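Examining the three-dimensional arrangement
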Amino acid sequence: DVKVTQSSRYLVKRTGEKVFLECVQDMDHENMFWYRQDPGLGLRLIYFSYDVKMKEKGDIPEGYSVSREKKERFSLILESASTNQTSMYLCASTTPGTGLRETQYFGPGTRLLVL
Amino acid sequence: EDQVTQSPEALRLQEGESSSLNCSYTVSGLRGLFWYRQDPGKGPEFLFTLYSAGEEKEKERLKATLTKKESFLHITAPKPEDSATYLCAVQGSYGQNFVFGPGTRLSVLP
């Protein structure tokens, strides 16, 4: 079974704090993704990584950074949390499919509240 | 730009009342179309991948079909436990990104 885990289910932080969200997958997947999900806006891609130390900006990277030092771990960093970053954060990774075929699997999500 | 829309936004069914959810897409070269189920407060759960027009996949009461412009998720004789938000996503030929639709919120009443 594919397993993607996230370090916390719920987090409450203060404005200005540095926040780390961690994601681990145990299936040797090369590609990993961070999304945020907000009511009425759906899933929006923040960053993704296709290899260790490699990263690409998604649609909404402002205010976020990422780190991928090991293949199985992909971290999302909020350098200085703001209230508009209150959201559900979802990590995903993709199986190395045959040819171009991939399937994306999600973690359980982290619900972050910034006060 | 790749785009995905889903309809209806919300659907309420009686238990046993079959229906279909629609996912319309525009993409530069389809690598895959994906269906997910998401329960409140949880991450999306993978259901199906479809790769080419005419392809169909089934799982219990769910059946997904694909044409060149849209996909349908048919729900046969739904049960209350099928209540969830169903998300559709596409991956185009260019790049690694998956583009998600806004979802259809399904409620199945006993």
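Heads up: the structure comes first, above all this text.
First things first, this report covers the structure right here in the doc.

How each quantity is defined
- Residues numbered from 1 in each chain as written.
- Chains lettered and ligands numbered in written order.
- Predicted model: local features only at pLDDT ≥ 70, side-chain atom pairs only at ≥ 80, totals over all residues.
- Heavy atoms only, no water.
- Patch = residues over 30% accessible without salt bridge, like charges linked within 9 Å, V, L, I, M, F, W, Y side chains within 5 Å.
- Areas by Shrake-Rupley, 256 points an atom, 1.4 Å probe, with all protein chains shown as cover.
- Salt bridge = Lys/Arg side-chain N within 4 Å of Asp/Glu carboxyl O.
- Helix = DSSP H or I, 4+ residues; strand = E, 2+ residues; numbered from the N terminus.
- Pairing = 2+ DSSP bridges.
- Axes fitted to C-alpha atoms, helices over the stretch in contact; angles between N-to-C directions.
- Buried < 20%, exposed > 50% of the residue type's maximum accessible area, 1.4 Å probe, protein only.
- Contact = heavy atoms within 4.5 Å.

**Re a nonpolar patch on the surface**
- On the surface, Val12, Leu113 and Leu115 of chain A cluster together to form a nonpolar patch covering roughly 260 Å² of accessible area.
- Along the chain, the position of Val12 of chain A falls in strand 2 (residues 10–13).

**Concerning the sheet that holds strand 8 (residues 70–75) of chain B**
Residues and elements named next belong to chain B.
- The strand order across the open sheet built from five strands is 1-3-8-7-6, with neighbouring strands paired in antiparallel fashion. Of all the strands in the sheet, the pair left with one neighbour each is strand 1 (3–7) and strand 6 (56–59). When the angles between neighbouring strand axes are averaged without regard to direction, this sheet yields 15°.
- The pairing of strand 7 (residues 62–66) with strand 8 spans five bridges and is antiparallel. Pairing of Thr65 across the sheet is with Phe72, part of strand 8.

**As for the side chain of Ser87 of chain A**
All names here are of chain A.
- Inspection of the secondary structure puts Ser87 in strand 9 (residues 87–94).
- The exposure class of Ser87 is buried, given its relative accessible area of 5%.
- For Ser87, the residues in contact, after removing those within four places along its chain, are Arg36, Gln37, Asp38, Thr110, Arg111 and Leu112.

Coordinates in, geometry out; function isn't part of it.
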